[in-house]
Amino acid sequence: MSDTPARSTESVEFGPPFDFPDADLVVQSSDGFTFKAYRAFLEKYSPIISRMLLEQLGSSTDIHPIPAPASSGGDFSATLPILRLPEDGETLHTLLTAILPVPIHLPSTFEGAIPVLVAAKKYQADNALLALRTCIDERAHDMVKPEDALRVFCLARNNGLLREAIVPARLTMGKSITMEGLGNKLLFATGALLYELIAIRQHIQSSLRQKISEFRVSEELGRMWRPHSENCTDRLVSGVPRWVDDAIAKLASRACPPLDHRDFYFILQSHIVNRNMRCPSCEGLPFVIMTEFWSAILRVTMAAILQAEGNFVSEQLASPSRVELPLTSSGLSHEIGLSRAPHPDVILRSCDDNNFFVHQSTLAASSPFFRDMFSLPNPQTNVGEGSEDMQNGLPIIRMTEHSEVLDVLLSVLYPSPLPAIDSYIFVLQVLACAQKYQMESTMDLVRSLIAAGRFPRRPADNVLLYAYVVATRNRLAQETRDIALLSLDRELSFDGFKDALCFLEGPAAYALLQYRIGCQKAVDACLDSALSGTSRAALEFLEPVTRRFSLPGGHRKYSHCDESDEDERPPWWKAFLRSMRSEVRIGKTYPSIKSLAIQQSFKSSLKDHLDDAQSCLMCATTYAERGATFCAALEDEVRDAIHRVSP
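## Things to note about the overall build of the chain
Here is step 1: Secondary structure assignment for the chain yields 28 helices and 12 strands.
Here is step 2: Put simply, the chain has 647 residues, and 47% of those count as buried.
Here is step 3: Summed over its atoms, the accessible surface of the chain is roughly 32,400 Å², and 52% of this surface lies on carbon and sulfur atoms.

## As for the confidence of the model for the chain
Here is step 1: Looking at the chain as a whole, its pLDDT mean stands at 78, while 80% of the residues score no less than 70.
Here is step 2: In the predicted structure, residues 1-9 sits below a pLDDT of 50 and forms 13 contacts with residues beyond four places in sequence or in another chain.
Here is step 3: In this model residues 59-77 is a low-confidence stretch, pLDDT under 50, and it forms 27 contacts with partners more than four residues away in sequence or in other chains.

## Some words on the packing of aromatic side chains
Here is step 1: Within the structure shown, the criterion is met by 16 aromatic pairs.
Here is step 2: Ring centres 5.6 Å apart and planes at 80° place the aromatic pair Trp225 and Trp243 in the edge-to-face group. Highlighted residues: Trp225 in helix 10 (residues 219-225) and Trp243 in helix 11 (residues 242-254), separated in sequence by 18 residues. Side by side, Trp225 and Trp243 carry an identical accessibility label, which is buried.
Here is step 3: Here Trp573 and Phe630 contribute two aromatic rings whose centre-to-centre distance is 5.8 Å and whose plane-to-plane angle is 50°, an arrangement assigned as tilted. With Trp573 in helix 25 (residues 571-586) and Phe630 in helix 28 (residues 617-643), the pair connects residues that are 57 residues apart, well separated along the chain. Each of the two residues, Trp573 as well as Phe630, counts as buried.
Here is step 4: Chaining the aromatic ring pairs together yields one cluster made of Trp572, Trp573, Phe576, Phe602 and Phe630.

## Details of the pattern of salt bridges
Here is step 1: Throughout the structure, instances matching the rule amount to 15 salt bridges.
Here is step 2: Salt bridges linked by common partners bring Glu111, Asp148 and Arg151 together as one network.

## Thoughts on the pairing of strand 7 (residues 346-349)
Here is step 1: The two faces of strand 7 match: Val346 and Leu348 on one face and Ile347 and Arg349 on the other face are all buried.
Here is step 2: Judged from the four bridges that link them, strand 7 and strand 8 (residues 355-358) form a sheet pairing that is antiparallel. What sits directly across from Arg349, in strand 8, is Asn355.
Here is step 3: Between strand 7 and strand 8, which follow one another and run antiparallel, lie five residues, and Asp353 among them has a positive phi close to 65°.
Here is step 4: Across three bridges, strand 7 lies against strand 10 (residues 394-398) in parallel orientation. For Leu348, the partnering residue across the bridge sits in strand 10 and is Ile397.

## Regarding unusual backbone geometry
Residues other than glycine predominantly adopt negative phi, and peptide bonds predominantly adopt the trans conformation.
Here is step 1: The amide bond that connects Pro16 to the next residue, Pro17, takes the cis arrangement and shows omega of 0°.
Here is step 2: Tracing the backbone through its elements, the reader meets Pro17 in the loop between strand 1 (12-13) and strand 2 (25-28).
Here is step 3: Of note in the backbone geometry, Gln438 takes a positive phi value of approximately 60° without being a glycine.
Here is step 4: Residue Gln438 is classed as partly exposed on the basis of its relative accessible area, which comes to 41%.
Here is step 5: Phi at Arg475 is positive, roughly 55°, even though this residue is not glycine.
Here is step 6: With respect to the secondary-structure elements, Arg475 resides in the loop between helix 20 (464-473) and helix 21 (477-486).

## Structural notes on the nonpolar core
Here is step 1: Counting 162 residues, the largest nonpolar core has Val27, Leu194, Phe494, Trp573 and Leu634 as the members making the most contacts within it.
Here is step 2: For this core, the leading source of residues is helix 23 (residues 506-531), giving 12 residues.
Here is step 3: Discounting residues that sit within four places of it in the chain, Trp573 has contacts with Ala530, Leu531, Ala538, Phe541, Leu542, Phe602 and Phe630.
Here is step 4: In this structure, Leu208, Phe215, Leu285 and Val300 belong to the second largest nonpolar core, which totals 29 residues.

## Examining the sheet that holds strand 7
Hydrogen bonds along the backbone pair up the strands of a sheet, which may run parallel or antiparallel.
Here is step 1: If you trace the four strands from one edge of the open sheet to the other, you get 8-7-10-9, paired in mixed fashion. Every interior strand has two partners, whereas the edge strands, strand 8 and strand 9 (390-391), have only one.
Here is step 2: Across the sheet, helix 17 (residues 403-413) lies against strand 7 and strand 8, angled at about 20° from strand 8, the strand it touches most.

## A few points about the packing of helix 17 against helix 18 (residues 424-436)
Here is step 1: One can describe the packing of helix 17 onto helix 18 by two numbers: an axis separation of 9 Å at closest approach and a directional angle of 75°. Judged by the angle between their axes, helix 17 and helix 18 are roughly perpendicular. Contacts between helix 17 and helix 18 involve Glu404, Val405, Leu406, Val408 and Leu409 from the former and Phe426, Gln429, Val430, Cys433 and Ala434 from the latter.
Here is step 2: Each residue belonging to the contact of helix 17 with helix 18 can be placed in one class, and the counts come to eight nonpolar, one polar and one charged.

## So, the environment of Glu230
Here is step 1: If you trace the backbone, Glu230 turns up in the loop between helix 10 and helix 11.
Here is step 2: With 51 residues separating them in the primary sequence, Glu230 and Ser281 have C-alpha atoms 7.7 Å apart.

## Notes on the sheet that holds strand 2
Here is step 1: The mixed open sheet is built from four strands, whose spatial order is 1-3-2-6. In the strand order of this sheet, the two ends are held by strand 1 and strand 6 (82-84), each with one partner.
Here is step 2: Inspection of the sheet shows strand 1 paired to strand 3 (residues 33-37) by two bridges, in the parallel sense. Bridging across to strand 3, Glu13 finds its partner in Thr34.
Here is step 3: The strands touched by helix 3 (residues 89-99) are strand 2 and strand 3; relative to strand 3, the strand with the most contacts, the crossing angle is about 15°.

## Structural notes on the environment of Asp345
Here is step 1: Within the secondary structure, Asp345 sits in the loop between helix 14 (287-318) and strand 7.
Here is step 2: Note: C-alpha distance between Asp345 and Asn392 (47 residues apart in sequence) is 9.8 Å.
Here is step 3: With residues up to four places along the chain from it excluded, the contact list for Asp345 reads Val358, His359, Gln360, Leu394 and Pro395.

## With respect to the environment of Ala169
Here is step 1: Counting through the fold element by element, Ala169 comes out in helix 7 (residues 166-171).
Here is step 2: Distance from Ala169 to Arg151, taken between C-alpha atoms, is 9.9 Å for residues 18 residues apart in sequence.
Here is step 3: Apart from residues lying up to four places away in sequence, Ala169 is in contact with Phe153, Leu197, Ile200 and Arg201.

## Remarks on the packing of helix 4 (residues 110-122) against helix 5 (residues 126-143)
Here is step 1: In the contact formed by helix 4 and helix 5, the axes pass within 11 Å of each other and the chain directions differ by 165°. One finds that helix 4 runs roughly antiparallel with respect to helix 5. Crossing of helix 4 against helix 5: the hand is left-handed. Where helix 4 abuts helix 5, its residues Phe110, Ala113, Val116, Leu117, Ala120 and Lys121 lie against Leu129, Leu132, Arg133, Ile136 and Met143.

## Points about helix 21
Here is step 1: Listing the buried residues of helix 21 in full gives Glu479, Thr480, Ile483 and Ala484. Around the axis of helix 21, the buried residues are gathered within 135° of arc, so they sit on the same side.
Here is step 2: For helix 21, the secondary structure elements touched by its buried residues are helix 18, helix 19 (440-451), helix 20 and helix 23.

## Quick notes on the pairing of strand 3
Here is step 1: Of all five residues in strand 3, four are buried, a share of seventy percent or more.
Here is step 2: In the sheet, strand 2 pairs with strand 3 via four bridges, with the strands oriented antiparallel. Paired with Leu25 across the two strands is Ala37, which belongs to strand 3.
Here is step 3: Hairpin connection from strand 2 to strand 3: four residues lie between these consecutive antiparallel strands, with Gly32 at a positive phi of about 95°.

Cut-offs applied
Residues numbered from 1 in each chain as written. Predicted model: local features only at pLDDT ≥ 70, side-chain atom pairs only at ≥ 80, totals over all residues. Heavy atoms only, no water. Helix = DSSP H or I, 4+ residues; strand = E, 2+ residues; numbered from the N terminus. Buried < 20%, exposed > 50% of the residue type's maximum accessible area, 1.4 Å probe, protein only. Areas by Shrake-Rupley, 256 points an atom, 1.4 Å probe, with all protein chains shown as cover. pLDDT = per-residue confidence, 0-100. Contact = heavy atoms within 4.5 Å. Phe/Tyr/Trp six-rings, centres within 6.5 Å; stacked < 30°, edge-to-face > 60°. Salt bridge = Lys/Arg side-chain N within 4 Å of Asp/Glu carboxyl O. Pairing = 2+ DSSP bridges. Core = buried A, V, L, I, M, F, W, Y, C linked by side-chain atoms within 4.5 Å. Axes fitted to C-alpha atoms, helices over the stretch in contact; angles between N-to-C directions. Parallel < 35°, antiparallel > 145°, perpendicular 65-115°, else oblique. Nonpolar A, V, L, I, M, F, W, Y, C, P; charged D, E, K, R; others polar. Left-handed = near helix turned anticlockwise from the far one by under 90°. Arc of directions from axis to C-beta.

Rendered as structure tokens:
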């Protein structure tokens, strides 16, 4: 937004409460609304506006006509100087109510308040900002709906408002943040914002768990319950009934606001009903003690939340966000930075100052990048031996990669023993380095080593999303697809991948979600085709749908499944396919060959049918001849359907 708005051809006077008869200034918005104001208030509240007044009005000849009072007969026209600001009329309306001596006006929604807060920060109107925040804090829960909490959180953070993001973050508590739950919100909820959101939630949970645990053993709790638990059949030494202690322990373990009082009453009822003898003391507890106890719990909860939020804000203001992917150690145990071959003519120096003595010809043969570099005139020809760019008469090429990555890359490039690597993510970093320097043959060698099992073939489940981040950021298309395929078997809850979120870009996460949904639709269509009997696997299994069996006396007859309906497809077979299709449609994970377990589901459905039908010769014989072939063919169709989906 430009700081100098285009002049409006028409102006509209806003009116009350900006109708001061002794105003000495007019503030005009970008959309033409004008507000009468006092210059002294604006200069006092905002040093930025004070400077703008000096700059604009010191050289401005703009005059705003003010209608003459009716008592004057309209025979003169008063004039006031104009201060033009780039904000719209609604934003200036709220901001000026926080500066001028009038009641503060707040927008009805949190989204509407954000531009006002941004403007207050921009103009360094600290007192106005404090007044606005105080009013918003009082009405925050009414201004933010739980279903809009994530969007409001992202909007606040994208505008640099950290404190205002706390309330909507709090409203997301109790809900798992999954990729599917976010849906198209991933387009604006970047990984860095989700990282912050989960960090806030973890701060709140940790603080809440600590505060509730402290309250559980506090003297305050004992004083509260001792007068009412003297006759309780099961109480602790402190005088607190054991069921109360259990309820507090459950609240502490969940540590997830908003707390549900129904858990408290459920535990109470269990205590009353499950005792061998009735507990009249607890059964007849007065309402006042229940209210007092729950009020104390809520007070402790709010104190914990406010403390956690304050600590988080302080930490964020004190430390900058991370911006670079950290190196994942390869687990190398041997010394690195050694010469690769005799008679080197160039040195590669890693970012952590390890030297690799190599040959220009080897690098040039494997990399167009290095070939072009070495074909240029050597700028080191006249550099002395003492220069930082020369060592032992060899030129030094400074690399941005870590020595561990270069060590593995050169181990693949040169005929030397390969190090043992236990991290798939580290292998991705080696591939990214090879791709950066256009070393395609080296990338093929690394991938062949992965396929042969010399390097890890897949990431561990707890770093799956992190591996996806590394692959997408380095544009490793093949590995991105492989990791996306591996993700189908599990629910991607971002709470379990917090560290990777800091580097996950929204479009990349959304692309992964669309891939998972695309696989779901493809497999659903594949199972639909089999269910209708039109897929190749189904046709081979069902054709012919009747079979000929020998009977005593040499007679022969056609037989069908004992439970076949009009279309002569066994009901158990259709139920087997419908069951798999239902799992695909409603499952939290997405379909893969492993998760569908086609062979096991088929055998289980057939066994149930044979048990019910006692002896269905048709199905038993058909399975013996073609069941395994059908399952294998259906797996192939599902696999092909998934592989046709692009991540």
